[in-house]
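Close look at the chain arrangement
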Amino acid sequence: MKHILVIDDAATVRMYHRNILETAGYRVDEAINGIEALEKALVKPYDLYIVDVNMPKLDGYGFLKEFRRQEDLSQTPAIMVTTEAGANDRALGYAAGANLYLTKPIKPHELLSYTRLLLGDLA
Amino acid sequence: MNNLLEQFLSEGRDFLQGIGEKLMQLEDEPNSTPLMTELFRFVHTLKGNSGLFEFPEMTRVLHASEDLMDAVRNGRVGYSQDLADQLLDAMDFVGMLMDEIEATGEISKNHAVPAAEHAQVLRSLLVVSESNADSNSDLHTSSEIKSEVNSLLAELPIFELEESVAEELYLHALEGETAFWVEYKPESDCFFKGEDPLFLMRQVPDTLWRHIILNNTAPILAEMDVYSNQLVFQLLTTAPSEELDDLFRYVPDEIKRIEIPALAFVRPTGNQDDHAIDIDFIDNALALLNKNNISVLTQIINTMLELSAPELWSSSVLRWVLRLLEHEPDNKTAQHALLKSLQTLTAPDWSAPAEHVERSDSKEVEHATTSVNVRKTEEDDELLQNFYVVVNAQREILSLSHKSGFSWTAGRLKSIASTLMGCYRAVNRECNIDNVLERALAENSPTPLLTWLEESLANNEQDVEIEVETDFSEISTSSESTPNALISDHKDAHENVVHNEAKTARRVDEVSTVVPKTLKVDQDKIDRLMNLIGEMVVAKNALPYLANRAETVFGVRDLSREIKAQYAVINRVAEEMQDTIMQVRMMPVSFIFQRFPRMVRDISRKLGKEVELVLEGESTEADKNIVEALSDPLIHIVRNSLDHGLEQPDVRLAAGKNATGKLTIRATQESDRVLIEIMDDGKGIDPKIIKHKAYEKGLIDETTLERISDQDAINLIFAAGFSTVEVISDLSGRGVGMDVVRSAVEKVNGTVGIESQVGKGTRIHLSLPLSMAVTNVIIIESNKQIFGVPMDMVVETVRVPRSQIRTIKHKQTTVLRGRVVPLLSLNQLLARGVEQLPNEDDEFATLIVRVHGEHIGILVDEFRETVDIILKPMAGILGGLSSYSGAALLGDGSVLMVLNPRELI
Amino acid sequence: MAIEYKKSVATFSEFISVEEAEALLEWLLKNPKGKVNFAECTHIHASSLQVLMALKPTIVAEPKDADLAVWLKVALAD
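This section reports on the structure supplied with the text.

Reading guide: rules and limits
Residues numbered from 1 in each chain as written. Chains lettered and ligands numbered in written order. Predicted model: local features only at pLDDT ≥ 70, side-chain atom pairs only at ≥ 80, totals over all residues. Heavy atoms only, no water. Pairing = 2+ DSSP bridges. Helix = DSSP H or I, 4+ residues; strand = E, 2+ residues; numbered from the N terminus. Axes fitted to C-alpha atoms, helices over the stretch in contact; angles between N-to-C directions. Contact = heavy atoms within 4.5 Å. Expected span 1.5 Å × (residues − 1). Buried < 20%, exposed > 50% of the residue type's maximum accessible area, 1.4 Å probe, protein only. Phe/Tyr/Trp six-rings, centres within 6.5 Å; stacked < 30°, edge-to-face > 60°. Patch = residues over 30% accessible without salt bridge, like charges linked within 9 Å, V, L, I, M, F, W, Y side chains within 5 Å. Areas by Shrake-Rupley, 256 points an atom, 1.4 Å probe, with all protein chains shown as cover. Salt bridge = Lys/Arg side-chain N within 4 Å of Asp/Glu carboxyl O.

It is worth spelling out the sheet that holds strand 2 (residues 9-16) of chain C at this point. All names here are of chain C. Within the open sheet, the 4 strands sit side by side as 1-2-3-4. Their pairing is mixed. The open sheet has two edge strands, strand 1 (3-5) and strand 4 (58-61), and neither has a second partner. On average, adjacent strands in this sheet sit at an angle of 30 degrees to one another, irrespective of strand direction. Packing of helix 3 (residues 66-76) onto the sheet brings it into contact with strand 3 (35-44) and strand 4, and relative to strand 3 it is tilted by some 130 degrees.

Once that is clear, we can look at helix 10 (residues 279-290) of chain B. All names here are of chain B. In this model, helix 10 (12 residues) spans 16 Å end to end at C-alpha, consistent with the 16 Å of a helix rising 1.5 Å per residue. All buried positions along helix 10 are accounted for by Ile279, Phe281, Ile282, Asp283, Ala285, Leu286, Leu288 and Leu289. At the C-terminal side of helix 10, Asn292 shows a positive phi close to 60 degrees.

One pass over the full model with this rule turns up 20 aromatic pairs over all chains. Seen from their ring centres, Tyr184(B) and Phe248(B) are 6.0 Å apart, and the 50 degrees between their planes marks the pair as tilted. Taken as a pair, Tyr184(B) in strand 1 (residues 179-184) and Phe248(B) in the loop between helix 9 (241-247) and strand 4 (255-260) lie far apart in primary sequence, 64 residues in all. The exposure classification of Tyr184(B) matches that of Phe248(B), with both residues buried. Residues Phe233(B) and Trp71(C) carry aromatic rings whose centres are separated by 6.3 Å and whose planes lie at 65 degrees to one another, so their mutual orientation is edge-to-face. You can see Phe233(B) sitting in strand 3 (residues 231-237) and its partner Trp71(C) sitting in helix 3, one on each of two chains. Judged by its relative accessible area of 2%, Trp71(C) is buried. Taken together through their ring pairs, the aromatic side chains of Tyr46(A), Tyr49(A), Phe63(A) and Phe67(A) make up a single cluster.

All names here are of chain B. Residues Met536, Val569, Val573 and Met577 make up a contiguous nonpolar surface patch of about 270 Å² in total accessible area. Sorting elements by how many residues they give to the nonpolar patch places helix 23 (residues 557-585) first, with 3 residues. Overall, the relative accessible area of 34% leaves Val573 in the partly exposed class.

So, in structure tokens, the structure goes:
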């Protein structure tokens with residue numbers, strides 16, 4: 001079973017993502033900021049990271065940047081999910097290391113479809 | 001309610017709380033960047049959360065708040081009190097919506113207009129400051145306003161107009177002649193007032209569209225209440241505003257009126273089944289629009305119109321495009337959206353923020369890639385669309401980074417390769433990328449991957465009927481149009497990233513293993529646990545009885561001893577359990593303190609006073625019920641201090657005080673009680689005035705008026721009936737409903753006291769038990785019945801010899817340690833015509849209780865043991881008996897009635 | 001009487017006041033296939049209008065009064 005880390009400071013968003021992904025048969029862990037996410041990822045790498053931008057302590061950009069420097073983790077795809085929808089923000093997200101930049105709110109089927117694509121799973 | 005919604009509400013309230021606190025703190029440090037960042041994040045996250053649900057009203061207000069806070073954070077808008085006020089108002093509104101969602105699961109449509117108003121107010125703050133800062137922003141502000149007006153429209157029902165009528169209205173509206181949408185919701189009892197809503201609506205001139213809604217609530221038609229109005233009327237009119245005002249002058253509250261902007265009339269109509277518009281045509285038209293080649297665009301649209309049946313929906317769209325080109329040549333967004341609607345086959349949503357249409361280039365790629373001809377199942381379709389979104393994202397990453405001389409790490413390249421492999425696999429396509437990746441890694445360059453991707457996309461174009469070419473032209477035009485922006489972004493991004501790196505390195509060490517250990521538990525569950533433990537305490541109390549019976553009735557002494565031993569164990573465990581659950585129920589008084597900064601600020605500003613609020617001991621804990629019971633009395637007291645205690649700044653200065661008054665609220669724990677003190681350095685209470693008022697009110701007689709001490713006089717403000725509106729207006733101290741405060745505090749076994757010095761200030765202190773779950777009572781016997789009396793009221797128990805009882809003015813008294821104590825017989829108090837029974841030495845068992853600060857003796861027949869009980873308020877008819885504070889079950893199963901001496905006497 | 005009830009048709013004439021609603025509801029409940037004739041009608045009080053909207057009887061003749069006709073049309077459209 002593929003294992004996904006959802007990183008968001010909002011518990012509601014984490015639950016939302018978790019519900020969608022678990023229903024589709026993925027295993028989901030949660031982290032409330034970039035620091036916790038790094039810690040969890042370093043202990044046990046995940047198959048996909050879904051990252052919010054604006055978080056306390058270490059934001060999504062910071063997380064991705066640091067994450068991409070970790071030899072063991074760096075090849076894993078990451079989706080950045082945020083309410084910031086400007087072209088600048090997207091470029092920032094890509095520069096930091098995101099493989100996909102999505103704008104909230106994401107519909108359940110959208111999230112699932114992208115997750116499957118990045119993980120190479122057939123529906 | 002589902003879990004997600006519950007989570008949202010619970011987390012949302014925390015955010016609202018946090019936002020309020022941060023705003024307060026910001027008031028003290030208006031330039032604090034960390035505070036603003038935090039504040040922005042709260043608003044931002046809350047907005048994000050609300051977007052997961054269909055709560056457009058809430059999201060709208062939060063969106064506006066977010067934009068405003070973003071501007072504040074970036075220094076585009078200065079922080080001001082007004083701004084804080086508006087934000088707080090908006091957050092109150094959001095809190096109210098949350099309450100409604102919790103109660104009903106949804107937000108009533110009635111909130112749409114207030115929501116829009118809140119948003120508008122917030123945006124106006126944004127607009128004003130921005131146009132000051134930037135003279136170039138006219139365009140921007142007008143689009144902001146437009147998007148706000150448009151969002152109002154989202155609430156409108158879809159009115160269907162003939163295209164010619166809509167065109168007429170559109171042109172009228174463009175010329176500034178307004179059209180109104182009117183909704184009339186007559187009261188249900190309006191027929192009895194002689195009103196005829198239909199007649200009224202028929203008087204509206206120039207009605208262009210009308211609609212009537214029947215909200216019949218009767219389950220069966222036979223029960224329909226024909227004389228209760230169940231109709232709602234809506235119409236669209238071009239009548240002048242004054243005329244409408246005049247018509248509806250008697251029912252203004254039942255009327256909702258919205259001015260309709262021109263764009264709202266742009267609604268294509270017609271037959272949508274047969275959409276013959278060719279995708280090439282649409283692309284061509286969009287390209288011409290982008291190049292601003294209007295003459296050719298007009299030409300091809302006219303040609304297309306000649307070729308198509310006029311009643312088609314698409315023809316209607318094209319006619320509207322022509323009208324927009326003619327009348328609003330600069331509104332490219334709207335023109336673009338209309339042309340796009342030919343692809344999506346849904347009318348443009350004018351209520352969506354205008355910027356949305358501009359910024360969604362990436363989304364447009366999705367649409368463009370879906371050839372209208374290729375209609376597979378929807379899911380496949382979506383997967384394929386998304387496939388291109390993801391692939392194009394990788395392309396963007398590879399090429400953008402390439403330009404800006406980005407330094408590549410192996411991880412970045414690998415992650416892109418693995419993303420691509422995943423994507424291709426998910427749509428069942430070959431993806432032989434391994435070699436390419438190796439080359440890229442060797443060169444540490446994205447170029448091999450980019451080249452491979454371009455080639456792969458070019459090949460795929462032949463495999464699938466997809467208009468990839470159009471995609472790319474669009475992508476390249478959009479990226480060409482802003483090359484500078486992208487490059488500078490990259491610099492920013494780079495700096496930002498470097499900056500973050502440093503932070504990360506440090507913080508990873510700092511915050512090593514912070515795992516939240518808090519559990520949020522529903523209060524019902526705790527209450528249930530509490531009840532169960534209460535029952536267990538009672539059940540446990542049965543064991544000593546059992547032991548007694550074993551010994552006295554069955555004569556098994558050993559068993560009796562064993563039961564007693566076992567009882568000791570169960571007793572200990574039960575007490576620990578009780579203790580623990582008490583701890584769980586404990587909450588800090590900060591729970592109620594936290595609202596005071598805002599309240600004090602609001603009220604003092606309204607009164608034009610300057611007040612410094614000092615909160616102390618916020619972490620002091622007490623049982624949840626106690627803390628909650630404290631809330632209203634405290635608010636009352638604080639209000640009084642602000643209203644009547646603290647003076648205006650000029651008065652204070654004249655009295656030689658600091659212009660800013662000081663209000664202190666302090667909580668401390670003293671053994672098993674919580675003390676709350678509310679102190680102000682205001683003008684204090686003048687006992688003379690109190691005395692006279694009390695005399696006028698008939699609360700004291702003339703002799704008392706002369707003799708009463710100043711302190712006793714001040715205490716009179718707690719007397720029932722002391723405060724009236726008339727008193728408030730001219731009383732120079734306080735006294736607004738202080739008797740209410742007293743009774744609320746006494747209800748939870750608390751006491752309240754006051755000290756005041758004229759000119760210096762007032763101190764009010766409340767003392768409350770830490771917990772109210774378990775009550776220690778003494779059992780007494782009277783007239784062959786047993787009763788409980790709460791121990792916290794009992795000062796002592798004494799036996800008073802009959803000879804020591806004196807009758808003064810028909811009242812029995814005795815002297816106890818040099819103090820005269822009035823005596824009352826319980827039998828008399830309970831209206832039983834029986835004398836109390838003395839013991840063999842002719843002494844009466846007497847409970848000395850403290851009531852309102854006075855010692856009073858209650859004569860009973862005999863004292864018994866003291867017990868811990870779980871006091872349950874009495875229900876039903878018995879609940880009305882104020883002389884009892886409740887009842888409890890005893891270990892032997894009998895019911896103990898617990899007296900309430902305060903009310904009894 | 002402003003509404004005249006026959007076997008299967010209720011004929012509305014001129015101004016239908018508030019008092020008519022109850023009788024109209026009873027008649028329509030008793031005669032589920034009852035039809036209505038508005039030809040000579042100039043106004044219907046909202047109380048009767050809501051009865052008509054709730055039961056949607058068949059209309060045999062629209063009012064000659066054009067404005068009322070438009071209102072009845074939107075009210076009684078399905």
